[in-house]
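Okay, here's what each chain looks like letter by letter:
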Amino acid sequence: MSTRAMLAALVIGCVSLPAAAQEIPNLVGTWKGAAEAVHVGPTPYRPAGEAGVTFSADPIEFTYRITEQKDQRFAGEMSGGTGTETVIGSLRHDNEGGIMLDADGQYQFTLRDSDTMDLCYSHLNPTSRVVACWTVTRTE
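Definitions and limits used
- Residues numbered from 1 in each chain as written.
- Predicted model: local features only at pLDDT ≥ 70, side-chain atom pairs only at ≥ 80, totals over all residues.
- Heavy atoms only, no water.
- Disulfide = S-S within 2.5 Å.
- Helix = DSSP H or I, 4+ residues; strand = E, 2+ residues; numbered from the N terminus.
- Buried < 20%, exposed > 50% of the residue type's maximum accessible area, 1.4 Å probe, protein only.
- Contact = heavy atoms within 4.5 Å.
- Polar contact = N/O pair within 3.5 Å; in protein donor to acceptor, adjacent residues only side chain to side chain.

1. So, the state of the cysteines
What is meant by a disulfide is a covalent connection between two cysteines, made through their sulfur atoms.
Then, number 1: Scanning the entire structure with this criterion turns up one disulfide.
Then, number 2: Each sulfur in the disulfide pair Cys-120 and Cys-133 lies 2.0 Å from the other. In this structure the cystine formed by Cys-120 and Cys-133 twists about its S-S bond by roughly 115°; its chirality is therefore right-handed. A residue pair is termed long-range when its members are at least 10 positions apart, and Cys-120 in strand 9 (residues 116–124) and Cys-133 in strand 10 (residues 129–138) qualify at 13 residues.

In structure tokens:
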């Protein structure tokens, strides 16, 4: 390999290095947002409705309080309506999103910026199925 080619490879490697070395975002805080869902069967937050598919008419505001974080892993609680559940999660290695679990379902999330998160939730239980996507913002 020529000196010029080695220098070019070194420059390219250094230019892409900052993207791989992104800082782990701090998720600790309170995040809030309202969700509308589509579901089949009763959920902890919505009644069964008529037989078949139900498109929720009224959004439910959810609050996520992330109370602790160790590297890319975090934990806290979420509440909405009358329920409260423990949540655990982890950022992906690119630190741009990740996965979170509550008592009966999972969230995929993407961080838009340090105070905005897009969530998609799903669960599949013997008596119900739910999917919903919405945005939460950090309030504290």
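2. A short note on the environment of Asp-58
Then, number 1: Note on placement: Asp-58 falls in the loop between strand 3 (53–55) and strand 4 (60–70).
Then, number 2: Take Asp-58: its relative accessible area is 57%, and that puts it in the exposed class.
Then, number 3: Considering only alpha carbons, one finds Asp-58 and Ala-37, 21 residues apart in sequence, at a separation of 9.1 Å.
Then, number 4: Non-local contacts of Asp-58, meaning those with residues more than four positions away in its chain, are made with Ala-35 and Arg-46.

3. Considerations on the environment of Asp-102
Then, number 1: Assignment of secondary structure puts Asp-102 in the loop between strand 7 (97–101) and strand 8 (106–113).
Then, number 2: Residue class for Asp-102 comes out buried when judged on its relative accessible area of 11%.
Then, number 3: With 27 residues separating them in the primary sequence, Asp-102 and Ala-75 have C-alpha atoms 10.0 Å apart.
Then, number 4: For Asp-102, the side chain forms a polar contact with the main-chain nitrogen of Gly-105, separated by 2.8 Å.
Then, number 5: Looking at Asp-102, its side chain comes within polar contact range of the side chain of Tyr-107, at 3.1 Å.

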